[in-house]
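Residues per chain are reported as follows:
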Amino acid sequence: MNAQMLPEHLLEQARHLAQRERNRPRQASLRRAVSTAYYALFHFLIREATRQFGPDLSEENYNRVYRWFDHGTMARVARAFSEKVVRIPNSKELLLQNNPSWIQLIAFTFAELQEWRHSADYDPGAQFVRAEVVETIRITEHVIRQWKTVKNSPEVNAFLLSLLLWEKWGKQR
Amino acid sequence: MNTQGEAVYDTQELERTLRELLAPERLPDYVLSARYELSTDQYGEPAVRIYLAISPESDQMLSNDKEKLEEYSLFKQDLARRILELDSGYFPFIRMVEAA
C-alpha cells in the first residue's frame, strides 16, 4: 500500500513549509503548513482506525473503508473527545466517564487543526504566526509518536470507532 | 430555548470567566494583548475564538525556543481545559496572531 506512510510524510512536509523562509515567513507557507499538518492527522487517524478494526483487509477493501470517514463527523467526535467526560450524542448517557488526557489532547489538536485548515484554505483575512504553527506540528508529531504505547486501550477503541460511527452510539435498538 | 427547543447557554458566566482568564497578569509576558469572540465553527457549532497578540520579534524568539514554546502550549491547553470545563458548549479555538 503506497499511502501507508502518508501521515508521516505530510507532517515532514508541514515542518518544511513552516521553516521554509529563514526570517519573515510568508503567509502562503504557513497556510500550506497548517493545511498539510491537518491532513497528516486526518490520514493518521483514519489509517489507525482502519488498521485496528479491519487488520487483514485487501488493499482494495482497505481503500473502500478509508473513504467511509468524513471531516464533519470527525470534527464532532474531536470536539466531544476533547472533554474529560464524553457524552453520547443526543443522549444524556456517558460514553466515557474519564477520558484520558492523552486522547483529549489528540482530539483537541484535531478539532483545532481542522478549523484552522478551513481558515487557511478559505479565509483571505486569516493570519498565522510561525510559532503557533511550529508548536502545533510538534504536538501532532508527539501524539503520532506516542500512539503505539496507548493504541490498544478501550478508550482509544471508543475514540476510533466514534470517528466512523458517532451517531450510532445513541441508537437504542 | 432556541428555535430548535434546545436550552441556550447563558454566556454571561462564560464571558466573565474569559475576562478573568485573559487578564493581562495571567498571560505569558510576550503576549501584548488578548481578545475573544463568541462565534461558530465552520459547521455552525458554538465557538469561542481567542486571539493572543504577539510582536514579530516574539514570534521569531518563540519559533526558535523549544522550551518557551512548550510552556506556551501548556498555557494554551490549560486555558482550553478551563473553558471546556464550563460545559458551555462553546469550543475554544486559541491562537497567537501578530499584533496590529
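Before any of the text, the structure's been laid out above.
A few points on the structure. Every value quoted in this text rests on a predicted model; they were computed, and no experiment measured them.

**A few points about the overall build of chain B**
For chain B, the count of helices and strands is 3 helices and 3 strands. Sequence-ordered secondary structure for chain B, helices as α and strands as β, is α-β-β-α-α-β. Burial analysis of chain B (100 residues in total) assigns 26% to the buried set. Taking as baseline every contact in chain B between residues at least 6 positions apart, the subset at least 24 positions apart corresponds to 53%.

**Some remarks on the overall build of chain A**
Within chain A, the regular secondary structure consists of 7 helices and 2 strands. Order of helices (α) and strands (β) in chain A, N terminus to C terminus: α-α-α-α-β-β-α-α-α. Against the 2.2 N^0.38 benchmark of 16 Å for 173 residues, chain A shows a C-alpha radius of gyration of 17 Å, consistent with a compact globule. Each principal axis of the C-alpha atoms in chain A carries an extent, and together these give about 55 × 40 × 30 Å.

**Things to note about the pairing of strand β1 (residues 33–40) of chain B**
Residue and element names in this part refer to chain B. Pairing of β1 with strand β2 (residues 46–54) involves 8 bridges; the strand directions are antiparallel. Bridging from a neighbouring strand, Ala34 pairs with Leu52 of β2. Between the end of β1 and the start of β2, which pair antiparallel, lie 5 residues, with Gly44 showing a positive phi angle near 90°.

**Structural notes on the packing of helix α2 (residues 27–53) of chain A against helix α5 (residues 101–122) of chain A**
Residues and elements named next belong to chain A. Contact pair α2 / α5: the axes reach a minimum separation of 8 Å and the direction vectors enclose 140°. One element, α2, and the other, α5, form an angle in the oblique class. Both α2 and α5 take part in a crossing whose hand is left-handed. Residue-level inspection shows Arg31, Val34, Ser35, Ala37, Tyr38, Leu41 and Leu45 of α2 in contact with α5, the latter providing Thr109, Phe110, Leu113, Gln114, Trp116, Arg117, Ala120 and Asp121.

**Here we look at the pairing of strand β3 (residues 91–98) of chain B**
Residues and elements named next belong to chain B. In terms of residue burial, β3 counts as a mostly covered element, since 6 of its 8 residues are buried. The pairing of β2 with β3 spans 8 bridges and is classified as parallel. Within the sheet, the bridge partner assigned to Ile50 lies in β3 and is Ile94.

**A short note on the sheet that holds β1(B)**
The pairing of strands in a sheet comes from backbone hydrogen bonds and takes either a parallel or an antiparallel form. Residue and element names in this part refer to chain B. One open sheet accounts for 3 strands, arranged β1-β2-β3; its pairing is mixed. Looking along the sheet, the strands with just one partner apiece sit at the ends: β1 and β3. Strand-to-strand twist across the sheet, computed as the mean angle between neighbouring axes with direction ignored, equals 20°. Along the sheet, helix α3 (residues 66–85) contacts β2 and β3; its crossing angle with β3, the most-contacted strand, is approximately 145°.

**Focus: unusual backbone geometry**
Positive phi is not limited to glycine here, since Asn90(A) has a value of about 55°. By secondary structure assignment, the location of Asn90(A) is in the loop between β1 (86–87) and β2 (94–96). Taking the C-beta count within 10 Å as the criterion, Asn90(A) has 10 such neighbours and is therefore assigned exposed. Here Asp87(B), not a glycine, exhibits a phi torsion of approximately 60°, which is positive. By the secondary structure assignment, Asp87(B) is in the loop between α3 and β3.

**Quick notes on the interface of chain B and chain A**
On the side of chain A, 18 residues touch chain B, which itself brings 18 residues to the contact. Listing elements by their share of the side of chain B that touches chain A, those giving two or more residues are α2 (56–63), α3 and β3 of chain B. A per-element tally of the side of chain B that touches chain A places β3(B) first, with 6 residues. Here the residues of the side of chain B that touches chain A are counted per class, giving 11 nonpolar, 3 polar and 4 charged.

**Here we look at the environment of Gln114(A)**
In this structure, Gln114(A) sits in helix α5. For the pair Gln114(A) and Thr36(A), spaced 78 residues apart in sequence, the C-alpha to C-alpha distance is 10 Å.

Parameters at a glance
- Residues numbered from 1 in each chain as written.
- Chains lettered and ligands numbered in written order.
- Predicted model: local features only at pLDDT ≥ 70, side-chain atom pairs only at ≥ 80, totals over all residues.
- Helix = DSSP H or I, 4+ residues; strand = E, 2+ residues; numbered from the N terminus.
- Buried ≥ 20, exposed ≤ 12 C-beta atoms within 10 Å, placed from the backbone.
- Contact = placed C-beta atoms within 7 Å.
- Rg over C-alpha atoms; globule rule 2.2 N^0.38 Å.
- Pairing = 2+ DSSP bridges.
- Axes fitted to C-alpha atoms, helices over the stretch in contact; angles between N-to-C directions.
- Parallel < 35°, antiparallel > 145°, perpendicular 65-115°, else oblique.
- Left-handed = near helix turned anticlockwise from the far one by under 90°.
- Nonpolar A, V, L, I, M, F, W, Y, C, P; charged D, E, K, R; others polar.

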